[in-house]
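Here's the letter readout for the chains.
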Amino acid sequence: MRTERGFTQRQLAEPAYTAAYVSTLEAGKVRPSEAALRHLADRLDVSYEELTTGRSPHDATRLRAAVTDARRALATGAAEDAAGLFAEVRDEAERLGFAEERAAALLGLGDCALETGDLTVARDHFEAVERLLAGEPLPRRIPAIRGRAVAHLLAGELRYSCYLLESSIDELNASGLHDPYALLLLYTAAIAPYMDMGAHARAVRAAELALALAPSVDDPGLIARMHRGVARTLIAEGRTAEADASLAKAQELYEQLRIHTDLAHCHWMRGYVHAQDGNLERAERELRTARDMLASKRAALFTVQVEVELADVLRRRGRTAEAEALLLPLLARSPDAADASAPSGQDTASGEAGLTADRGAVHAGGAHRLLGLIADERGDAEAAEEHYCAALSLLERTGAAGDLADLCRLLGDLLRREGRLEAAMDAYRTGLGHRAAPGTTTLGPAPAEPPM
């Protein structure tokens, strides 16, 4: 800094110190006192902190602003573009030795990978954040843990997703770290795997605790995400009007924040609500809106998941050919696919993405279930059985209890109509096994609750 500013050693030292003293400092022969450092910082026109650490507070501010810009790019544009911005921040933060800013960039890269469906890459980024913040209090690591749990959920590893979330909740509460933001993040994330596993009572309790924590948290994006999760438990209880009202709150917040991916998820969930309520025309409109928004952001995995639910609505509206044309390309790259060919004129926005056993397994099972229903309705029992069995194989890996029970019922009915009564009985027994105690066979005791 002295040579950059054109000072001689004497000019830097005076009036309080000598040129010889500055020379010994520069040679590393003595350790300067705080008074000497403050004198030198004043002469060099830098802060005391920058001179002692080598890190400029201006650099930290600039990097944090760059993280904010990257977050905005992720909210409004394509994840690949945002990932480039996050990578630049990560590399510069590493060069400058800024751990906090590097962790924020890695967290952003993980979120980008979740959106594009690169689940292994996402987990790697979230694990890197956890390692970087290993010495920090647990609440600082919770966003990365939540991200890793979501990646496992999307891969179909429901049990492990629940384990990560529940063990973190227990650790927070046992250590007395009742951080409302961290707990709200965890309870909100736990609702989806609970619902998929058939642990409805636990999902409802997580939603109740999330609602109780919400007034203590000043993060509109997280509050909106909570409303989406709560809506799912309301749907399961048949409270569709309340679910739609909860989603309307979330949608309003996302529109204000211009968070396009989450706004698309609201349209997606509202489509599901209307489908459950029998309003298929409105459901189709919402799902198509969600699909188009996600496809425009190149959110590949989410796009194909919406297409499965859109295909279900199309089938229920009697448009089975459209539904089949939408589903087959989604499974074209799946090892369990019954047919790798895609019909001409397919109505799909999924591009090169596909559903497999380790990427969107629950929806892959759902796609095979729908194709089985379509084949069953047209009298092709052999194709229907193939699809039902492929769905069963996928869903058994995930532990999606409710979906498994319904699938076993469909398979049992098909086998019974074919006169294969023993096989039908086996299918029914398997389904009853999955419904006997939903959620309790795969999850341990519920996590401790925080003092409210």
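Counting from 1, residues in each chain are numbered in the order their sequence is written. Side-chain atom pairs in this predicted model are given and counted only at pLDDT of 80 or more, local residue features only at pLDDT of at least 70, and totals for whole chains, interfaces and linings cover all residues. To get the side-chain values, take all heavy atoms of the structure and skip hydrogens and water.

The name given to the protein chain in an unreviewed UniProt entry is Helix-turn-helix domain-containing protein, and the organism recorded there is Streptomyces rugosispiralis.

Points about the confidence of the model for the protein chain
Where the model shows low pLDDT, its predicted coordinates should not be examined in detail. Think of pLDDT as the predictor's per-residue confidence, scored from 0 to 100. Considering every residue of the protein chain, the mean pLDDT works out to 86; 92% of them sit at 70 or more. In this description, contact between two residues means that some pair of their heavy atoms is separated by no more than 4.5 Å. Counting interchain partners and residues more than four positions distant, the pLDDT-below-50 stretch residues 333-352 has 39 contacts. Here residues 437-442 is a poorly scored stretch, pLDDT under 50, and it has eight contacts once near neighbours within four places are set aside; other chains count.

What to know about the UniProt feature "coiled-coil region" (unreviewed entry) in the protein chain
UniProt positions are given in the numbering used here, feature names are shortened, and annotations may be inferred rather than shown by experiment. Mapped onto this numbering, the UniProt entry gives "coiled-coil region" (unreviewed entry) at residues 273-300. Helix numbering and strand numbering both begin at the N terminus, where a helix is a DSSP run of H or I of at least 4 residues and a strand a DSSP run of E of at least 2. Across residues 273-300, helical content stands at 79% and strand content at 0%; the span's end C-alpha atoms are separated by 23 Å.

Focus: the packing of helix H17 (residues 300-316) against helix H18 (residues 320-327)
Two elements in contact, H17 and H18, have axes separated by 8 Å at closest approach and are oriented at 165 degrees. Accordingly, the angle class assigned to the pair H17 and H18 is roughly antiparallel. The two elements H17 and H18 meet at a crossing, and its hand is left-handed. Residues Glu-307, Val-308, Leu-310, Ala-311, Leu-314 and Arg-315 of H17 form the contact with H18, whose participating residues are Thr-320, Glu-322, Ala-323, Leu-326 and Leu-327. Classifying every residue of the contact of H17 with H18 gives seven nonpolar, one polar and three charged. Note on geometry: axes are C-alpha line fits, over the in-contact stretch for helices, and angles between N-to-C directions span 0 to 180 degrees. Roughly parallel means an angle under 35 degrees; roughly antiparallel, over 145; roughly perpendicular, 65 to 115; everything else is oblique. Helix crossings are classified by the rotation of the near helix relative to the far one: an anticlockwise turn of less than a right angle makes the crossing left-handed, while a clockwise turn makes it right-handed. Each residue is assigned to one class: nonpolar for Ala, Val, Leu, Ile, Met, Phe, Trp, Tyr, Cys and Pro, charged for Asp, Glu, Lys and Arg, and polar for all the others, Gly among them.

Comments concerning unusual backbone geometry
Trans is the common state for peptide bonds, and a negative phi is the common state for residues other than glycine. The omega torsion of the bond from Glu-14 to Pro-15 falls at 5 degrees, within 30 degrees of zero and hence cis. You can see Pro-15 is positioned in the loop between helix H1 (9-13) and helix H2 (19-26). One non-glycine residue with positive phi stands out, namely Asp-45, at about 60 degrees. Assessed through its relative accessible area of 68%, Asp-45 is described here as exposed. A positive phi is found at Arg-298, a non-glycine position, where the angle reads about 55 degrees. Along the chain, Arg-298 turns up in the loop between helix H16 (280-296) and H17. Think of it in three bands: residues with accessible area under 20% of the maximum for their type are buried, residues over 50% are exposed, and the middle band is partly exposed, with areas taken using a 1.4 Å probe on protein chains only.

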